[in-house]
Amino acid sequence: MRGNLILIEGLDRSGKSTQATILAEKLDAQLIKFPDRSTPIGQIINRYLVDRDFHLPDQAAHLLFSANRWELANSLVESLQAGKNIVMDRYIYSGIAYSLAKKGAEMDSHEWLYGPDRGLPKPDLTLFLTISLEELSSRKGYGEERYEQLEFQSKVKECFLKILDSSDPTIAIVDVDGLSIDEVTGKLWSEIHIRGLDQSSNNKITYFQ
Ligand code: ADP
Ligand code: TMP
Ligand code: MG
């Protein structure tokens with residue numbers, strides 16, 4: 001029997017980390033956050049995010065975020081195989097949506113952006129939190145890091161909705177606008193429960209193709 005891999009995606013300050021922490025506790029799961037700023041590559045990413053004077057070409061930034069996922073890929077698969085549930089806070093959909101929103105050259109090519117993530121383990125369920133930009137901008141800490149500007153977030157939201165395939169049964173788009181933390185948890189839990197993902201399974205782990 002293996003553990004389940006559940007991903008929470010969404011815009012900056014949409015409530016991902018809050019919900020990932022609550023769900024990890026409910027599922028007795030390991031919590032993995034991307035970018036993982038503690039690894040060697042994660043430290044470069046952190047500098048890029050907090051210091052607007054630290055420049056990287058968009059292509060290089062994109063590849064670093066993907067490389068950061070590969071740094072943890074083996075241990076992630078090992079944990080699942082050992083029966084441990086994993087809740088993830090951001091993953092490849094953030095990687096593609098934020099780069100796609102930058103526009104120009106390789107950033108316009110979904111194929112190019114997706115390429116480096118092929119082969120990573122695919123979540124059993126991706127929960128995408130949708131929220132209005134008005135509610136986002138009112139949340140604490142908003143605007144501190146690179147990318148936290150409303151105009152850019154609105155492009156990212158468009159890009160997320162473009163790349164998240166609504167016919168993929170592993171993807172659920174969950175509207176959390178105006179909901180309390182508990183109400184959001186209730187909605188997410190029902191998506192997990194109806195798919196039986198609160199129980200371990202012997203399904204094969206799938207990978208992004
Ligand atoms: P993210 O990880 O998506 O950036 P966080 O979980 O860190 O978002 O939440 C951003 C801020 O919004 C935090 O101050 C958090 O306490 C608050 N917050 C999270 N969920 C809600 C909610 N449902 N209603 C109101 N505030 C919330
Ligand atoms: P965080 O606020 O969840 O720590 O994420 C930091 C920022 O990094 C956030 O603005 C989204 C962005 N990001 C990417 O641009 N590409 C990625 O692959 C990931 C995981 C995050
Ligand atoms: Mg967060």
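Definitions and cut-offs
- In this convention, every chain numbers its residues from 1, walking through the sequence in written order.
- Throughout, the order in which chains and ligands are written sets their labels, letters from A for the former and numbers from 1 for the latter.
- Predicted model: local features are reported for residues with pLDDT of at least 70 only, side-chain atom pairs are reported and counted for 80 or more only, and whole-chain, interface and lining totals are derived from all residues.
- No hydrogens and no water enter the side-chain calculation; it runs on all heavy atoms of the structure.
- Grouping buried Ala, Val, Leu, Ile, Met, Phe, Trp, Tyr and Cys residues that are joined through side-chain atoms within 4.5 Å yields what is termed a nonpolar core.
- Only protein chains enter the accessibility calculation, which uses a 1.4 Å probe; a residue is then buried when its area is under 20% of its type maximum, exposed when over 50%, and partly exposed in between.
- Runs of H or I in DSSP of at least four residues are treated as helices and runs of E of at least two as strands, each being numbered from the N terminus.
- Note on contacts: a residue pair qualifies if any of its non-hydrogen atoms lie within 4.5 Å across the two residues.
- We call a residue near a given molecule or strand whenever any one of its heavy atoms falls within 4 Å of it.
- Two N or O atoms count as a polar contact when they lie within 3.5 Å, although within protein this holds only if one can serve as hydrogen donor and the other as acceptor, and sequence-adjacent residues are included solely when both atoms are side-chain atoms.
- Accessible surface area values rest on a Shrake-Rupley calculation with a 1.4 Å probe, where residue burial reflects the displayed protein chains alone.
- Basically, the charged four are Asp, Glu, Lys and Arg, the nonpolar ten are Ala, Val, Leu, Ile, Met, Phe, Trp, Tyr, Cys and Pro, and anything else, Gly included, counts as polar.

Caption draft 1: Region of the structure containing the nonpolar core. Residues Met88, Tyr93, Leu127 and Phe160 are the most contacted members of the largest nonpolar core, which totals 63 residues. The leading source of residues in this core is helix α3 (residues 58-81), at eight residues. Excluding residues that lie within four positions of it along the chain, tyrosine 93 makes contacts with Leu7, Glu9, Lys122, Thr126, Phe160, Ile163, Leu164, Ile171 and Phe208.

Caption draft 2: Seen up close, the site of ligand 2. The environment of ligand 2 is formed by 13 residues, the closest being Asp12, Lys33, Arg37, Arg69 and Arg90. Within the side chain of lysine 33, one N or O atom sits 2.8 Å away from an oxygen atom of ligand 2. Separating an oxygen atom of ligand 2 from a backbone N or O atom of glycine 95 is a distance of 3.3 Å. About the coverage of ligand 2: the protein hides 93% of its 480 Å² of free accessible area. Contributions of two or more residues to the shell around ligand 2 are made by α3 and α4 (92-100). If one sorts the elements of the shell around ligand 2 by residue count, α4 sits on top with three residues. Class assignment for the residues of the shell around ligand 2 results in six nonpolar, two polar and five charged.

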